[in-house]
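Chain and residue survey
Okay, here's what each chain looks like letter by letter:
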Amino acid sequence: MQGAAPPAGSAPGAARAVERAGWAEKGEGDMSLPRAGFPSLLLILLAFVSCAFAGDLLILTEDAPPLNYIPEGGGLTGPSAEIVREIQHRIGDQSPIKVWPWARSYFMIKHEPGIMLFSMARSEAREELFQWVGPIGDFSWAFIALKDAEIVLETIDDARELEHIGVYHGDVREEYLRDLGFTNLDVTTTPRSLIMKLIHNRNQVILFDMNGAVTTAMDSGLDPTSFQAILEVKTMDLYCAFSKDTPDEVIRTWQKALDQMKADGTYQAILEKWDLW
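Residues numbered from 1 in each chain as written. Predicted model: local features only at pLDDT ≥ 70, side-chain atom pairs only at ≥ 80, totals over all residues. Heavy atoms only, no water.

Looking only at helices and strands, the chain features 9 helices and 10 strands. In the chain, 70% of the contacts between residues at least 6 apart in sequence involve partners at least 24 apart. A total of about 13,300 Å² of accessible surface is found on the chain, and carbon and sulfur atoms cover 51% of it. (Helix = DSSP H or I, 4+ residues; strand = E, 2+ residues; numbered from the N terminus. Contact = heavy atoms within 4.5 Å. Areas by Shrake-Rupley, 256 points an atom, 1.4 Å probe, with all protein chains shown as cover.)

Between helix H8 (residues 248-264) and helix H9 (residues 266-274), the least distance of the axes is 4 Å, while the angle of their chain directions is 75°. The angle between H8 and H9 places the two elements in the roughly perpendicular class. Every residue of H9 that contacts H8 at Leu 258, Met 261, Lys 262 and Asp 264 is listed here: Thr 266, Tyr 267 and Ile 270. (Axes fitted to C-alpha atoms, helices over the stretch in contact; angles between N-to-C directions. Parallel < 35°, antiparallel > 145°, perpendicular 65-115°, else oblique.)

Counting through the fold element by element, Ala 81 comes out in helix H3 (residues 79-91). Here Ala 81 falls in the buried class, since its relative accessible area comes to 0%. For the pair formed by Ala 81 and Thr 61, sequence separation is 20 residues and the distance between their alpha carbons is 8.4 Å. With near-sequence residues (within four places) excluded, Ala 81 lies in contact with Leu 67, Leu 76 and Phe 118. (Buried < 20%, exposed > 50% of the residue type's maximum accessible area, 1.4 Å probe, protein only.)

Attention now goes to the pattern of salt bridges. For the coordinates displayed, the defined rule picks out 12 salt bridges. Close ionic contact of Arg 90 with Asp 264 constitutes a salt bridge, the shortest N to O distance being 2.8 Å. With a gap of 174 residues between them, Arg 90 in helix H3 and Asp 264 in helix H8 connect regions that are remote in the sequence. On the accessibility criterion, Arg 90 (30% relative accessible area) is partly exposed. Among the charged side chains, a network of salt bridges with common partners joins Glu 86, Arg 90 and Asp 264. (Salt bridge = Lys/Arg side-chain N within 4 Å of Asp/Glu carboxyl O.)

Counted according to the given criterion, the structure contains 7 aromatic pairs. Their ring planes at 80° and their centres at 5.8 Å tell us that Trp 132 and Tyr 239 sit as a pair that is edge-to-face. In this pair, Trp 132 sits in strand S6 (residues 130-146) while Tyr 239 sits in strand S10 (residues 227-243), placing the two residues 107 residues apart along the sequence. In this structure, Trp 132 and Tyr 239 share a single accessibility class: buried. An aromatic cluster is built from Trp 102, Tyr 106, Phe 130, Trp 132 and Tyr 239, whose rings are joined through pairwise contacts. Taking NZ or CZ as reference, Arg 104 lies 4.0 Å from the ring centre of Trp 100, over its face. Against the face of Tyr 239 rests Arg 122, its NZ or CZ located 4.9 Å from the ring centre. (Phe/Tyr/Trp six-rings, centres within 6.5 Å; stacked < 30°, edge-to-face > 60°. Lys NZ or Arg CZ within 6 Å of the ring centre and 35° of its normal.)

Neither face of strand S9 (residues 205-208) is exposed, since Val 205 and Leu 207 on one face and Ile 206 and Phe 208 on the opposite face are all buried. Strand direction decides the pairing type here: S6 and S9, joined by 3 bridges, are antiparallel. Directly across from Phe 143, in S9, lies its bridge partner Leu 207. (Pairing = 2+ DSSP bridges.)

Moving on to the layout of surface pockets. Here the largest pocket defines a volume of roughly 320 Å³. Lining the largest pocket are 26 residues, with Leu 67, Phe 139, Arg 173, Asp 209 and Leu 238 sitting closest to its centre. Sorting the residues of the lining of the largest pocket by element identifies strand S5 (115-121), S6, helix H5 (172-179) and helix H7 (210-219) as the ones contributing at least two each. Among the residues forming the lining of the largest pocket, the class breakdown is 16 nonpolar, 4 polar and 6 charged. Roughly 250 Å³ of internal volume is contained in the second largest pocket. Lining the second largest pocket are 19 residues, and of these Asp 63, Pro 65, Thr 190, Pro 191 and Arg 192 sit closest to its centre. Elements with a minimum of two residues in the lining of the second largest pocket: helix H6 (191-199) and H7. (1 Å grid on protein atoms, 1.4 Å probe; cavity = no way out; pocket = protein on both sides within 12 Å on 5 of 7 lines; lining within 4 Å. Points joined across faces, edges and corners; volume = space filled by probe spheres on them. Nonpolar A, V, L, I, M, F, W, Y, C, P; charged D, E, K, R; others polar.)

Written out as structure tokens, the structure is:
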């Protein structure tokens, strides 16, 4: 994606105002400026700024089983999606939830106001980039290999000797390994392609979570018992991340609703329904 312009037709409020003002989307990541020149561009920017603070919220998530995903022939589901929808119900927020690729959504929330993205791991590197509501769950990472693979990892550093480690583009686990200086990473754009590359021996291991690997395999018609976790790496809490300049009152309202869900048992009931934590 070039610059920080919202994709046409992809968001309420600010993004919709930009669309009306003349942004044309040629394709993923390819934006064209309006042809009317500087006056129109100025109008676009004014419309964007005014709408960005009008209270509209663009809620984004990704197709990433089992937390938030779209099963074959179905709509968005998963425990994180249910938790977010329940918060929306309690606070009267009717913003639609849009499912976009993670890298695209992550770029948007870093550069534009009025955006919420879930489920995001709250890492040290991300702490000051966003505002946070949660936790709404957690997930554990592991180096995962096929069950018949004869791979032994005793430490994270042992993985440096592998030819390829599969990671998901823009994911906190990719960030983690890059921060440690790993250069043997094979980056994929979807969780499904990550699993498929492991199944077809394109990668020796992936850094992922077992729940995600099993659910993605099942949803793709693959054997969910094909995997083994060969080294547990880390457990992190998951949150709803908001654009940095989101008003504090919005954050307090969302957090209060989540806290009430936890107090009255609704949150725990959702977790037990999905049997993930």
